[in-house]
Amino acid sequence: MTTPEWLKPSVYGALLGAAALAVVGFSWGGWVTGDTAQDRAKDLSHETLTTAMVPVCLEMARSDPQRLTKLETIRAASRYQKRDALVDAGWATVPGADGPDRDIAQACLAAIDLDAPIPSGVDEG
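Residue positions are counted from 1 within each chain, in the order its sequence is given. The predicted nature of this model means local features are confined to residues of pLDDT at least 70 and side-chain atom pairs, given and counted, to a pLDDT of 80 or more, with totals for whole chains, interfaces and linings taken over all residues. Note that the side-chain values use all heavy atoms of the structure and ignore hydrogens as well as water.

**A short note on the pattern of salt bridges**
Piece 1. The working definition used for a salt bridge is a side-chain nitrogen of Lys or Arg within 4 Å of a carboxyl oxygen of Asp or Glu. For the coordinates displayed, the defined rule picks out four salt bridges.
Piece 2. The residue Lys 8 makes a salt bridge to Glu 5 at a minimum N-O spacing of 3.7 Å.
Piece 3. Between Lys 70 and Asp 64 there is a salt bridge, and its shortest N-O distance comes to 2.7 Å. For the residue pair Lys 70 and Asp 64, the accessibility class agrees, reading buried in each case. Using a 1.4 Å probe on the protein chains alone, a residue whose accessible area is under 20% of its type maximum counts as buried, one over 50% counts as exposed, and one in between counts as partly exposed.

This is the structure in structure tokens:
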């Protein structure tokens, strides 16, 4: 089967246009594959869950009877071991979980004001 000579430039143009559209769409247009979209959704849900659990961690820290001792331990830890000290304090283990979550511990550590003075434990009021 022979094609008319005038049809060839149209077919080539359509093929090159489709290829250019795909390149522009995936590089600048924000198009993603299904796997990339699913990975991004998982990351976003984990990030949202971590953020939602920070108040639980802070409440556990606030209501812990050994809070002052554990805060001193966290403060005394080196910069790189503060998260592990918070995990050891038990504040990063949310109720119903099997174990501590290191991402929650990191977010909770960022929310705890470690520079605030620790009260003496004596109620003056």
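**What to know about the packing of aromatic side chains**
Piece 1. Ring pairs shown here join Phe, Tyr and Trp side chains whose ring centres sit within 6.5 Å, with only the six-membered ring taken for Trp; geometry is labelled stacked below 30 degrees between planes, edge-to-face above 60, and tilted in between. One pass over the structure, following the stated rule, counts one aromatic pair.
Piece 2. On the numbers, 5.6 Å between centres and 85° between planes, the contact of Phe 26 with Trp 31 is edge-to-face.
Piece 3. Residue classification places Phe 26 among the partly exposed residues on the basis of a relative accessible area of 46%.
Piece 4. A relative accessible area of 42% means that Trp 31 is categorised as partly exposed.

**Section: the side chain of Lys 70**
Piece 1. Helix and strand definitions follow DSSP, with helices as H or I runs of at least four residues and strands as E runs of at least two, each counted in order from the N terminus. Examined against the element boundaries, Lys 70 turns out to sit in helix α3 (residues 67-76).
Piece 2. A distance of 2.7 Å separates a polar atom in the side chain of Lys 70 from a polar atom in the side chain of Asp 64.
Piece 3. We call two residues in contact whenever any of their non-hydrogen atoms come within 4.5 Å of each other. Excluding its chain neighbours within four sequence positions, the residues that come into contact with Lys 70 are Asp 64, Ala 89 and Trp 91. Counting of polar contacts relies on pairs of N or O atoms within 3.5 Å, with two restrictions inside protein: one atom must be capable of donating a hydrogen and the other of accepting it, and residues adjacent in sequence are counted only when both atoms are side-chain atoms.

**Some remarks on the side chain of Lys 82**
Piece 1. The topology assignment puts Lys 82 in helix α4 (residues 82-89).
Piece 2. The buried category is assigned to Lys 82, whose relative accessible area is 18%.
Piece 3. When near neighbours in sequence (up to four residues on either side) are disregarded, Lys 82 contacts Ile 74, Arg 75, Ala 77, Leu 109 and Leu 114.

**A short note on the packing of helix α2 (residues 34-63) against helix α5 (residues 102-111)**
Piece 1. A fitted line through C-alpha atoms represents every axis, and for helices the fit uses only the stretch in contact; the resulting angles, taken between N-to-C directions, go from 0 to 180 degrees. Following both chains from N to C, one finds α2 and α5 inclined at 55°, their axes separated by 8 Å at the closest point. Judged by the angle between their axes, α2 and α5 are oblique. Relative to α5, the crossing made by α2 is right-handed. When α2 is examined against α5, the residues His 46, Thr 50, Met 53, Val 54, Cys 57 and Leu 58 are found in contact with a partner set consisting of Asp 103, Ile 104, Ala 107, Cys 108 and Ala 111.
Piece 2. Three categories are distinguished: nonpolar for Ala, Val, Leu, Ile, Met, Phe, Trp, Tyr, Cys and Pro, charged for Asp, Glu, Lys and Arg, and polar for the others, with Gly belonging to the last. Across the contact of α2 with α5, the residue classes tally to eight nonpolar, two polar and one charged. Each angle is binned into one of four classes, with values under 35 degrees roughly parallel, values over 145 roughly antiparallel, values of 65 to 115 roughly perpendicular, and all other values oblique. Crossing chirality is assigned from the near helix's rotation relative to the far helix, an anticlockwise turn below a right angle marking it left-handed and a clockwise turn marking it right-handed.

**Some words on the environment of Val 87**
Piece 1. Checked against the element boundaries, Val 87 lands in helix α4.
Piece 2. Residue classification places Val 87 among the buried positions, given a relative accessible area of 15%.
Piece 3. Each C-alpha atom, one on Val 87 and one on Asp 101, is 7.9 Å from the other, the two residues being 14 residues apart in sequence.
Piece 4. Ignoring any residue separated from it by four or fewer positions in sequence, one finds Val 87 in contact with Ala 92, Pro 100 and Ala 105.

**Considerations on the state of the cysteines**
Piece 1. In this description, a disulfide is simply a cysteine sulfur pair whose atoms lie within 2.5 Å. Applying the stated criterion across every chain yields a total of one disulfide.
Piece 2. Between the sulfur of Cys 57 and that of Cys 108 lies a disulfide, 2.1 Å long from S to S. Linking Cys 57 and Cys 108, the disulfide has an S-S dihedral of approximately -90° and is accordingly described as left-handed. Residue Cys 57 is located in helix α2, and its partner Cys 108 is located in helix α5; the two are separated by 51 residues in the primary sequence.
Piece 3. Cys 57 gets classed as buried once you look at its relative accessible area, which sits at 0%.
Piece 4. A relative accessible area of 0% means that Cys 108 is categorised as buried.

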